[in-house]
Structure formats: C-alpha cells, structure tokens
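Given next are the chains, with one letter for each unit.
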Number of protein chains: 2
Amino acid sequence: MKNIVVGAGISGAAVARILAEAGEKVEVIEAKDHIAGNCFDYFDENGICVHKYGTHIFHTDNREVWDFLSRFTTWYPYMHKVLGLVEGQLVPIPFNLNSIRKVFPEGMARKLEDKLTERFGFGRKVPILELRQAEDPDLSFLADYIYNHVFLIYTTKQWGMKPEEIDPSVTARVPVYVSRDDRYFQNRWQGIPDNGYTAMIKNMLEHENITVRTGTAWKQVKDEYAKERIFYTGHVDELMDRCFGDLPYRSISFDFRTYDREYFQPAAVVNYPENNDFTRIGEYKYFLGTQSSKTVVSLEYSSAYEYGKNEPYYPIASAANSALHEKYMAAAREAYPNICFLGRLGDYRYYDMDKAVARVFALMRENGILKA
Amino acid sequence: MKNIVVGAGISGAAVARILAEAGEKVEVIEAKDHIAGNCFDYFDENGICVHKYGTHIFHTDNREVWDFLSRFTTWYPYMHKVLGLVEGQLVPIPFNLNSIRKVFPEGMARKLEDKLTERFGFGRKVPILELRQAEDPDLSFLADYIYNHVFLIYTTKQWGMKPEEIDPSVTARVPVYVSRDDRYFQNRWQGIPDNGYTAMIKNMLEHENITVRTGTAWKQVKDEYAKERIFYTGHVDELMDRCFGDLPYRSISFDFRTYDREYFQPAAVVNYPENNDFTRIGEYKYFLGTQSSKTVVSLEYSSAYEYGKNEPYYPIASAANSALHEKYMAAAREAYPNICFLGRLGDYRYYDMDKAVARVFALMRENGILKA
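Residues numbered from 1 in each chain as written. Chains lettered and ligands numbered in written order. Predicted model: local features only at pLDDT ≥ 70, side-chain atom pairs only at ≥ 80, totals over all residues. Heavy atoms only, no water.

Caption draft 1: Region of the structure containing the overall build of chain A. Helix and strand counts for chain A stand at 12 helices and 19 strands. Rg of the C-alpha trace for chain A: 22 Å, near the compact-globule value of 21 Å for 372 residues, within the 12% margin. For the C-alpha atoms alone, the extent of chain A along its principal axes is close to 70 × 50 × 40 Å. Of all 372 residues assigned to chain A, the portion counted as buried reaches 58%. Intrachain contacts of chain A at a sequence separation of at least 6 include 71% that bridge at least 24 residues. Carbon and sulfur atoms form 49% of the exposed surface of chain A, whose accessible area is close to 15,800 Å². If the 45 positive side-chain charges of chain A are averaged to one point and the 51 negative ones to another, these points end up 2 Å apart. (Helix = DSSP H or I, 4+ residues; strand = E, 2+ residues; numbered from the N terminus. Rg over C-alpha atoms; globule rule 2.2 N^0.38 Å. Buried < 20%, exposed > 50% of the residue type's maximum accessible area, 1.4 Å probe, protein only. Contact = heavy atoms within 4.5 Å. Areas by Shrake-Rupley, 256 points an atom, 1.4 Å probe, with all protein chains shown as cover. Lys, Arg positive; Asp, Glu negative; His and termini not counted. Charge placed at Lys NZ, Arg CZ, Asp CG, Glu CD.)

Caption draft 2: Molecular detail of the relation of the copies chain B and chain A. The transform that puts chain B on chain A rotates by 75° and translates by 0.5 Å along the axis, for an RMSD of 0.1 Å. On the angle and the small slide along the axis, the relation comes out as a five-fold axis. Proximity to the rotation axis, assessed at the C-alpha, singles out Glu 106 of chain B in chain B; its C-alpha lies 8.3 Å from the axis. Each copy contacts the other with its own distinct surface, as only 9% of the interface residues of chain B are interface residues in chain A too. (Least-squares fit on C-alpha atoms with pLDDT ≥ 70 in both.)

Caption draft 3: Fine view of the pairing of strand S16 (residues 280-283) of chain A. Residue and element names in this part refer to chain A. Going residue by residue along S16, you find Arg 280 and Gly 282 tucked away on one face and Ile 281 and Glu 283 tucked away on the opposite face as well. Examined bridge by bridge, strand S15 (residues 269-271) and S16 share 3 bridges and lie antiparallel to one another. The partner of Val 269 across the bridge, within S16, is Gly 282. Looking at chain direction, S16 and strand S17 (residues 295-304) are connected through 4 bridges and run antiparallel. The residue of S17 that forms the bridge with Gly 282 is Ser 298. (Pairing = 2+ DSSP bridges.)

Caption draft 4: Spotlight on unusual backbone geometry. For the peptide bond that leads from Ile 93 of chain A to Pro 94 of chain A, omega is 0°, which places it in the cis range. Look at Glu 135 of chain A: it is not a glycine, yet its phi comes out positive at around 65°. Inspection of the secondary structure assignment puts Glu 135 of chain A in the loop between helix H5 (128-132) and helix H6 (137-159). The phi angle at Ala 36 of chain B is positive, at roughly 85°, despite the residue not being glycine. Checked against the element boundaries, Ala 36 of chain B lands in the loop between strand S2 (26-29) and strand S3 (41-43). Using a relative accessible area of 0% as the deciding quantity, one classes Ala 36 of chain B as buried.

Caption draft 5: The arrangement of the packing of helix H1 (residues 10-21) of chain A against helix H7 (residues 197-205) of chain A in detail. Residue and element names in this part refer to chain A. Running from N to C, H1 and H7 point in directions that differ by 25°, and their axes come no closer than 8 Å. In terms of their interaxial angle, H1 and H7 are classed as roughly parallel. In this structure, the crossing between H1 and H7 has a hand that is left-handed. Mapping the contact onto sequence places Ile 10, Ala 13, Ala 14, Ala 16 and Arg 17 in H1 and Met 200, Ile 201, Asn 203, Met 204 and Leu 205 in H7. Of the residues belonging to the contact of H1 with H7, the class tally is 8 nonpolar, 1 polar and 1 charged. (Axes fitted to C-alpha atoms, helices over the stretch in contact; angles between N-to-C directions. Parallel < 35°, antiparallel > 145°, perpendicular 65-115°, else oblique. Left-handed = near helix turned anticlockwise from the far one by under 90°. Nonpolar A, V, L, I, M, F, W, Y, C, P; charged D, E, K, R; others polar.)

Caption draft 6: A look at the sheet that holds strand S6 (residues 75-76) of chain B. Residue and element names in this part refer to chain B. In space, the 3 strands of this open sheet follow the order S5-S11-S6, with antiparallel pairing throughout. Strand pairing shows two members of the sheet lacking a second neighbour, strand S5 (58-60) and S6, which therefore form its edges. With 2 bridges connecting them, S6 and strand S11 (residues 189-193) associate as antiparallel partners. Across the sheet, the residue bridging to Trp 75 is Pro 193, located in S11. Lying over the sheet, helix H7 (residues 197-205) contacts S5, S6 and S11, oriented at roughly 90° with respect to S11.

Caption draft 7: Broad picture of the interface of chain B and chain A. Tallying the contact residues gives 33 residues for chain B and 29 residues for chain A. Between chain B and chain A, roughly 2,200 Å² of surface is buried when both sides are summed, and carbon and sulfur atoms account for 44% of that area. Taken together, the links from chain B to chain A amount to 5 salt bridges. Here chain B and chain A share 19 residue pairs in polar contact (both at pLDDT 80 or more) between them. At 5 residues, the largest contribution of residues to the side of chain B that touches chain A is made by helix H4 (residues 106-120) of chain B. (Buried area = accessible area lost by both parts, 1.4 Å probe. Salt bridge = Lys/Arg side-chain N within 4 Å of Asp/Glu carboxyl O. Polar contact = N/O pair within 3.5 Å; in protein donor to acceptor, adjacent residues only side chain to side chain.)

Caption draft 8: Here's a closer look at the sheet that holds strand S13 (residues 229-232) of chain A. All names here are of chain A. Strand order in the open sheet formed by 5 strands is S12-S2-S1-S13-S19, with parallel pairing between adjacent strands. Edge positions in the open sheet fall to strand S12 (210-213) and strand S19 (339-341), since each of these has one partner strand only. Taken pair by pair, the neighbouring strands of this sheet meet at an average axis angle of 20°, ignoring direction. One ladder, built from 4 bridges, connects strand S2 (residues 26-29) with S12; its direction is parallel.

Caption draft 9: Focus on the domain arrangement of chain A. Here the domain parsing of chain A yields domain 1 (3-77 + 191-247 + 315-366) and domain 2 (82-177). The C-alpha-based centres of domain 1 of chain A and domain 2 of chain A are spaced at 35 Å. (Domains from an automatic or database assignment.)

Caption draft 10: Helix H1 (residues 10-21) of chain B, seen in detail. All names here are of chain B. Here H1 contains 12 residues, and its C-alpha end-to-end distance of 16 Å stays within 8% of the 16 Å for a straight helix at 1.5 Å per residue. For H1, the buried fraction is high: 11 of the 12 residues fall into the buried class. Among the residues of H1, Ile 10, Ser 11, Gly 12, Ala 13, Ala 14, Val 15, Ala 16, Arg 17, Ile 18, Leu 19 and Ala 20 are the ones counted as buried. A positive backbone phi angle near 95° is found at Gly 23, which sits one or two residues after H1. (Expected span 1.5 Å × (residues − 1).)

Caption draft 11: Focus on the nonpolar core. Counting 72 residues, the largest nonpolar core has Ile 10, Phe 68, Leu 69, Ile 201, Leu 205, Phe 231 and Met 364 of chain B as its most contacted members. Ranked by residue count, the leading element in this core is H1 of chain B, at 8 residues. Residue contacts for Phe 231 of chain B: discarding those within four places in its chain leaves Asn 3, Ile 4, Val 5, Val 6, Val 15, Leu 19, Cys 340, Leu 342, Leu 363 and Met 364 of chain B. Counting 64 residues, the second largest nonpolar core, distinct from the first, contains Val 82 and Leu 142 of chain A together with Val 82 and Leu 142 of chain B. (Core = buried A, V, L, I, M, F, W, Y, C linked by side-chain atoms within 4.5 Å.)

Caption draft 12: Region of the structure containing the pattern of salt bridges. Across all of its chains, the model carries 49 salt bridges over all chains by this definition. Put simply, Asp 277 of chain A and Arg 63 of chain B hold a salt bridge, and the shortest N to O gap is 3.2 Å. Remark: Arg 63 of chain B occurs in helix H2 (residues 63-69) and Asp 277 of chain A occurs in the loop between S15 and S16; the pair is interchain, linking two chains. We classify Arg 63 of chain B as partly exposed; its relative accessible area is 38%. A salt bridge links Asp 277 of chain A to Arg 188 of chain B, with the nearest nitrogen and oxygen atoms 3.6 Å apart.

Caption draft 13: Molecular detail of the environment of Gly 191 of chain A. All names here are of chain A. Looking at the secondary structure, you find Gly 191 in strand S11 (residues 189-193). Gly 191 gets classed as buried once you look at its relative accessible area, which sits at 0%. Sequence separation between Gly 191 and Glu 334 is 143 residues; the distance between their C-alpha atoms is 41 Å. Excluding anything up to four places from it in sequence, Gly 191 contacts Phe 58, Trp 75, Tyr 76, Tyr 78 and Tyr 197.

Caption draft 14: Representation of the packing of H1 of chain A against helix H12 (residues 353-366) of chain A. All names here are of chain A. At a minimum axis distance of 9 Å, the contact between H1 and H12 shows a crossing angle of 35°. H12 is crossed by H1, and the crossing has right-handed handedness. Across the interface between the two elements, Ile 10, Ser 11, Ala 14, Val 15, Ile 18 and Leu 19 from H1 touch Met 353, Ala 356, Val 357, Val 360, Phe 361 and Met 364 from H12. Among the residues forming the contact of H1 with H12, the class breakdown is 11 nonpolar, 1 polar and no charged.

Written out as structure tokens, the structure is:
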C-alpha cells in the first residue's frame with residue numbers, strides 16, 4: 001500500500017518526513033503550485049521575507065517538535081510583540097501593566113496595578129470575565145474598558161459578527177496580563193526560520209523516499225489512489241464534493257504594500273481593535289531583522305470564506321460545525337478505507353504550527369510508525 | 001428633465017455618481033478650472049501631496065459613507081493628531097491628560113488627573129464651562145487656564161473678533177478630554193486617500209452617464225438650465241446676484257513654503273493658540289507618510305470673506321445668517337422650480353467631508369433616487 005499525503009503544508013511535510021525516515025515511500029500531492037501551504041514565504045527584491053498568507057511566528061513548549069524542526073532550519077531569535085492602537089496609542093497586546101500605564105493617568109494606573117497584583121497575583125493572566133466578577137468598581141471598570149476598546153470591534157471584524165451576536169462567554173478568553181512582559185508569547189522556544197518557512201519545509205521534503213507533485217489537485221488522482229493509505233490535510237468537505245454543504249471557515253485577504261521608507265510601524269504586528277475595517281497590519285522585515293531602505297506591510301481583512309473564491313484560514317468553532325466535520329469524516333472513511341485526517345483543515349481545528357506538528361507525532365504513534 | 005449639478009466638490013461628485021448609477025444622465029458644472037472643490041490636492045515635484053485649500057483629514061462613523069468612498073480610493077491608515085504651542089510647549093489638542101502632564105508640575109498634574117477622573121469619569125470630554133461649574137478651585141483653575149491659553153486668542157484669530165465679543169457660551173464647546181488619547185478624532189474609520197482626494201473625486205465622476213465642465217460659471221449656463229433639476233452646491237447669495245446682500249463667511253489665506261529639511265514640526269498640524277497671527281501650520285507629508293528630504297508647510301491665516309476676492313470657507317453660524325440663507329433659498333426656488341441645495345456652501349453649514357456625503361445620501365433618499 002502506497003503512502004499518499006494530500007497537502008504539502010507543515011503537517012503534510014512532517015508526516016511525509018517521518019514516514020520516509022521509517023523507510024516508507026511517500027507521494028505528496030499539493031494542489032497549489034508551491035509547497036509550504038499557508039506557511040509559504042518568499043524573499044522579495046529588497047531581501048525582505050514576506051509571508052504570503054500573513055504573519056507566522058513559531059513558538060512552542062514542545063521540545064520534541066522544536067528539536068524535529070531544528071533539523072531543517074536554524075532560527076533567528078525573534079520574540080514576537082503585538083501593539084494595539086487603543087485610543088490612539090500603541091499599547092502592548094495582550095493588555096498588561098505597561099498598557100495600563102500608557103492609557104490611564106498615573107494615579108489611576110497605580111491603583112489598578114496594586115489591585116490587580118493584590119487580588120490575582122503578579123504574573124497571572126486574568127480573563128476579563130473573571131476580572132468583572134471581582135465586584136471591585138475599579139477592576140470592573142478595567143474589564144469594561146478592555147472589552148470596549150480592545151475586544152469588541154476587533155472581534156466583530158475578525159468573525160464578521162455584530163456586537164450583539166457575540167456570546168459574552170467569548171470574552172472569557174480575553175486576558176489582562178498582570179505583568180510587564182510585552183511579548184505576545186511566553187513559550188520557551190520562539191523564532192523564525194533563518195531562510196524562511198518555505199526553505200524549512202523544502203528541507204523536510206528532501207528525502208529519497210519522498211516525491212512531491214505540486215499543482216496537482218486531489219480530484220485529479222483520487223480514483224487512482226482511493227485504496228492507498230491517505231494522510232489528508234485538505235478541507236474534508238471538498239474531499240466529499242461538499243455533499244453535505246460547506247464547512248464554514250473565515251478567510252483573510254491581504255492588501256500588500258511596499259513603502260519607500262525604513263519602517264512603517266514600531267512592531268511587526270499592530271492590531272486595530274477600534275478603527276477601520278482591517279484587523280491588523282503586519283510589517284515583515286522585523287521577523288528576520290532585515291535591513292533595507294524599503295519595507296513591506298500587509299493590511300489584513302477578515303472575510304467570509306467562499307469555496308473556490310478565497311482561501312480557508314480559520315475553522316469556526318461550534319458544536320454544529322464539529323458535527324458536520326464528523327459527518328464528513330465518517331463518509332470519507334467509507335469512500336477511502338485507509339484515510340486519516342490531520343492539519344488545520346483536515347482536523348478542522350485552529351492549530352498553531354507547533355500544534356500541527358505535535359498532532360503529526362501523535363498520529364504517527366497511533367499508527368505504529370513511531371514508538372509509543 | 002436634465003440633472004444639473006453645480007459644483008464638482010465632494011458633495012457634487014457624490015450626487016452625480018449616485019444619480020448616474022441610478023441610470024440618470026448628469027451634467028456637472030464647475031466654475032473653477034479643477035474638480036474636487038476645497039478637497040483639491042496635487043502631488044508636487046517632491047512627491048508630497050499638498051492640500052491646496054488646507055489640511056483635509058477624512059474621518060467618519062458612518063459605514064455607508066465609508067463604504068461608498070472606498071469604492072473610489074484605497075486609504076492610507078493615518079490617525080490625525082494636533083499639537084498646540086501652549087506656553088512654549090507642544091501639547092496635544094484638544095487639551096487632555098497628556099497635555100496636563102506637559103504643562104503643569106507633576107504633583108499638580110496628578111491632583112488634576114485624579115480630580116478629573118473622579119468627578120467626570122475617565123474617557124469623558126468635559127466642556128470647560130461644565131468644568132468651571134465644578135466649584136472645585138483646582139478644576140476651575142484648569143478651566144481658566146484652558147480658556148486663556150488654548151481658546152481665547154485662537155478664537156479671536158479664527159473668527160476675527162475681539163476677546164470681549166466672544167459669547168461665553170461658545171466656550172462651552174471647548175473640551176478637556178479626560179483621556180490619554182492624543183488623536184484629534186475618535187471615529188472608527190479614518191484615513192487619507194492613497195492617491196489624494198482629487199483622484200478619489202475624479203474616480204467618482206468617471207461614469208458614462210456623467211459629463212463634467214470645469215471653468216464654467218453657473219451664470220454662463222443658468223438661462224439655458226433654469227427649468228432643469230438642479231443640485232446646487234455653490235453660494236446661494238451668488239446664485240441670486242446677492243440681491244439681499246452677502247451671506248457672511250470666514251475665509252482663509254495660506255502661506256505655502258517648501259523647506260529643504262526632512263520635517264518642519266512633529267505633527268501634521270500645529271496650532272498657535274497664543275502666538276502670532278496665523279492660526280496653525282500644516283505639514284503635508286505626514287498625511288501619506290511621504291519620504292522626502294524636503295517638506296511643504298502652510299501657515300494658515302483666517303480672514304474676512306470678500307466676494308470675488310477670496311474663497312468662502314466657513315459659514316458663520318447665527319440666527320440672522322440662517323434666516324438670510326433661508327430667504328435666499330426661498331427666492332431661488334421661485335427662480336428655479338427644481339432646485340435643491342447641498343454641500344457646505346449650498347446648505348450654509350459647516351459640514352465635515354463625511355457629513356457632506358451623508359447629506360447627499362439623505363437627499364437622494366428624499367428624492368426617491370435611493371431606496372429609503
């Protein structure tokens with residue numbers, strides 16, 4: 001039985017590599033004309049590494065994943081920071097003690113800092129729903145402030161909802177970080193591949209047991225390969241000709257612009273939680289510390305996904321959508337007896353890059369390819 | 001009946017476009033030799049986009065207006081800030097908590113911040129008349145300070161009045177902003193057209209149902225077009241040969257200067273509320289973030305409007321002036337049975353750009369051109 005991997009993103013490349021190193025022959029099928037999936041990046045004429053599908057920052061606490069990927073790249077020691085334009089000022093996101101210092105007058109900021117550290121402890125990430133329950137008027141003022149200025153409009157833009165449609169429980173996830181740590185991630189290992197994600201994934205796929213066919217849609221080969229062992233990282237609804245309707249996703253469109261100046265903004269990512277229709281602006285030269293008199297940015301717009309018209313990015317978490325995904329997987333297993341699913345699209349789960357690779361390790365253990 | 005639009009500014013262009021898209025033929029008459037009215041801008045030899053009639057910053061909370069204009073331009077994500085030279089220091093205008101920090105010693109600033117936030121709440125814009133009524137000596141000191149240093153001389157320059165002629169109620173509008181938000185506007189959508197306002201308005205007017213005749217005064221065509229449907233955006237007194245006397249306006253004169261340096265001042269607009277005769281200086285390269293070793297600024301002088309000698313800018317709000325405007329409109333409707341009025345001059349109202357376009361939408365709904 002042949003091993004067929006559908007999709008040459010980070011999940012597909014990892015599964016292909018592990019199979020190949022276990023002595024299996026693997027054929028990787030990729031519909032796009034390039035490898036690396038949504039991790040795809042390229043160096044433009046100014047030497048700036050642009051992430052075609054939006055900013056990707058690698059971060060993990062999983063040593064196995066880090067060690068595995070580090071065989072295929074060295075890393076630029078980048079620590080990600082996100083600023084948000086809140087009442088006209090660029091403040092650290094998630095909202096933390098430094099954000100409080102920037103936004104509020106000093107006496108008020110000091111009082112909030114004292115109350116937060118006393119009540120929740122320095123270093124806690126406190127969901128604003130918990131903050132609101134504190135019943136202290138200052139802390140609940142802060143919770144309301146963050147809800148209104150950081151969360152509300154951003155979320156309506158990100159998910160295409162009206163404010164009144166947003167379930168209050170969703171706010172539970174928005175934290176205030178009782179810390180002066182401005183980093184977006186606190187993971188042990190963080191970095192950007194020195195030669196880009198595409199080069200890292202290319203190295204993963206360079207193995208004598210692996211062949212890669214880009215520009216090849218699954219439907220072109222599905223009859224030939226139906227009985228093989230299939231590792232499917234694509235959309236499960238497309239696999240079954242969308243027979244039960246579309247699995248919903250959010251999509252993103254990017255307005256890429258090159259400016260004739262050294263920097264556009266003071267951080268790689270600036271969120272716009274109150275203004276405009278784009279959710280954020282990414283500036284790519286920060287990721288590898290590239291020196292250039294020009295700079296490339298992308299304005300990022302969240303939009304509805306329409307099959308065949310744009311790219312699916314984010315699965316939309318809901319019980320109904322999970323049930324539809326399950327139904328599709330069950331039907332697919334009838335049609336393809338040796339199929340398994342992985343990746344952000346295949347599993348219909350919003351994996352970070354490290355989680356996608358960790359999922360591959362787990363799957364390879366389930367399948368006996370790696371030792372348990 | 002033909003549709004005649006008098007004036008090719010943002011109001012005239014919007015009305016022409018909406019009519020054209022409804023299938024109507026439209027003829028736009030413009031006395032000046034260029035379109036775009038007071039929004040007119042041009043790129044100079046250094047690539048700096050200069051606003052010929054003074055700084056224009058687009059800002060709105062009206063999604064319909066934003067979406068409409070966004071069909072004709074992309075936007076540079078600019079957030080407007082104004083600084084004022086107050087006691088020799090550049091401080092944020094409107095006066096806010098950061099201005100207080102800059103102007104007063106630390107202990108006093110802290111006390112004022114605490115009193116403002118406690119009494120009015122963080123985030124409030126408190127008119128200084130309300131501030132004075134607080135009867136707290138520190139808050140009324142602050143109210144007096146802002147009145148004397150930020151409001152008084154600026155207003156005499158702006159409106160050509162002596163200090164004693166200024167109605168105290170006018171001060172009610174001058175706020176202190178209990179916030180650290182330095183932006184001049186808090187609207188959701190803000191930006192500058194990437195290729196300038198003129199290009200945006202040119203795109204609006206480019207439609208097969210629209211013809212535009214610049215350099216054509218209304219009086220040249222009025223006999224021919226008297227019975228047509230007229231959308232009039234010009235001065236209503238001129239339309240009636242100023243038969244009841246002049247409608248008063250304030251005018252502005254600009255002293256444009258190019259300097260051989262990167263920047264002239266640290267923000268796009270610096271107000272001079274205490275010094276000199278000009279009201280403010282605009283520096284144009286900020287609006288599109290233009291990189292150049294030169295910079296263009298304009299010193300802005302407010303002056304009386306004289307018919308035929310300078311341009312009318314600001315209608316002067318008063319009951320007598322509104323009555324005169326009404327009288328002119330009534331007479332005009334006798335002479336031109338199918339006329340309606342819009343725009344800053346036509347309505348004799350100080351519209352921002354977005355309000356001018358919103359007015360067009362309302363008018364098109366009243367006329368059944370757009371659905372209610």
